[in-house]
Amino acid sequence: MKLAVAHGLANADRLVRRIKSGEASYHFVEVMSCPGGCIGGGGQPRFTTDAVRRARMGAIFAEDEGKQMRMSHENPNIALLYRDFLGQPLGEKSHDLLHTHYHERPPN
């Protein structure tokens, strides 16, 4: 599979233009409107700088790398939840309970 990730709307715009022009083709595209993702992005309670954002990213990556269990599908508690309650991953019950559905809403 070919995947693309764009950080920041200017990069997303460039990526979309490349796709529309036929210059690039992907199976999946992820766009994070905040530079570097949501670390220090629009949902954060205070303004930050690139230096602070980079420090936060480094701390999060270091914390993740130090974890013994890093993937949810390897978590024995998640396996137990599926075995005893949800059934199979991507099954009807797990899809119904765990997936978000977006609906268009009229403007306020």
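Cut-offs and rules
- Residues numbered from 1 in each chain as written.
- Predicted model: local features only at pLDDT ≥ 70, side-chain atom pairs only at ≥ 80, totals over all residues.
- Heavy atoms only, no water.
- Helix = DSSP H or I, 4+ residues; strand = E, 2+ residues; numbered from the N terminus.
- Areas by Shrake-Rupley, 256 points an atom, 1.4 Å probe, with all protein chains shown as cover.
- Patch = residues over 30% accessible without salt bridge, like charges linked within 9 Å, V, L, I, M, F, W, Y side chains within 5 Å.
- Salt bridge = Lys/Arg side-chain N within 4 Å of Asp/Glu carboxyl O.
- Buried < 20%, exposed > 50% of the residue type's maximum accessible area, 1.4 Å probe, protein only.
- Expected span 1.5 Å × (residues − 1).
- Phe/Tyr/Trp six-rings, centres within 6.5 Å; stacked < 30°, edge-to-face > 60°.
- Lys NZ or Arg CZ within 6 Å of the ring centre and 35° of its normal.
- Pairing = 2+ DSSP bridges.
- Right-handed = clockwise from strand over helix to strand, strands pointing away.
- Polar contact = N/O pair within 3.5 Å; in protein donor to acceptor, adjacent residues only side chain to side chain.

Turning next to the overall build of the protein. Counting its regular elements, the protein contains four helices and two strands. If you list the helices and strands of the protein from N to C, you get β-α-β-α-α-α. Carbon and sulfur atoms form 56% of the exposed surface of the protein, whose accessible area is close to 9300 Å².

Now for a nonpolar patch on the surface. Together, Ile78, Leu81, Phe85, Leu97 and Leu98 make up an exposed nonpolar region whose accessible area comes to about 440 Å². Among the elements of the structure, helix 3 (76–86) and helix 4 (92–98) are those that each provide at least two residues to the nonpolar patch. Of all the elements, helix 3 adds the most residues to the nonpolar patch, at three residues. Looking at the secondary structure, you find Leu81 in helix 3. Judged by relative accessible area, which is 37%, Leu81 ranks as partly exposed.

Let us look at helix 1 (residues 9–21). Between its first and last C-alpha atoms helix 1 spans 18 Å; for 13 residues at 1.5 Å apiece the expected length is 18 Å, and the two agree. Gly22, located one to two residues past helix 1, shows a positive phi value of around 90°.

Counted under the stated rule, the structure contains zero aromatic pairs. The ring of Tyr26 is capped by Lys2, whose NZ or CZ atom sits 5.3 Å from the centre of that ring. The ring of Phe85 has Lys93 lying over it, and the distance from NZ or CZ to the ring centre is 3.9 Å.

Another point: unusual backbone geometry. Positive phi, normally seen in glycine, also occurs at Leu90, with a value near 70°. Along the polypeptide, Leu90 turns up in the loop between helix 3 and helix 4.

On strand 1 (residues 3–7), burial follows the alternation: Ala4 and Ala6 on one face are buried, whereas Leu3, Val5 and His7 on the facing-out side are not. Where strand 1 lies against strand 2 (residues 28–32), five bridges are found, and the strand directions are parallel. Directly across from Ala6, in strand 2, lies its bridge partner Val31. For the crossover that starts at strand 1, traverses helix 1 and ends in the parallel strand 2, the hand is right-handed.

A word on helix 3. Put simply, Asn75 is the residue that caps the front of helix 3, since its side-chain oxygen is 2.7 Å from the backbone nitrogen of Asn77. With its phi angle positive at about 85°, Gly87 sits one or two positions after the end of helix 3.

Along the chain, Val16 turns up in helix 1. With ten residues separating them along the chain, Val16 and Ala6 place their C-alpha atoms 9.6 Å apart.

So, about the pattern of salt bridges. Two side chains bearing opposite charge may form a pair once their charged atoms approach each other closely. A full pass over the atoms with the stated rule returns six salt bridges. A salt bridge links Asp13 to Arg17; the shortest N-O distance between them is 2.8 Å. Here the residue Asp13 and the residue Arg17 both occupy positions in helix 1, the gap between them amounting to four residues, near one helical turn. One salt bridge in this structure joins Glu63 and Lys67, with 3.0 Å as the shortest N-O distance. According to the relative accessible area criterion, Glu63 is partly exposed, its value standing at 48%. Using a relative accessible area of 42% as the deciding quantity, one classes Lys67 as partly exposed.

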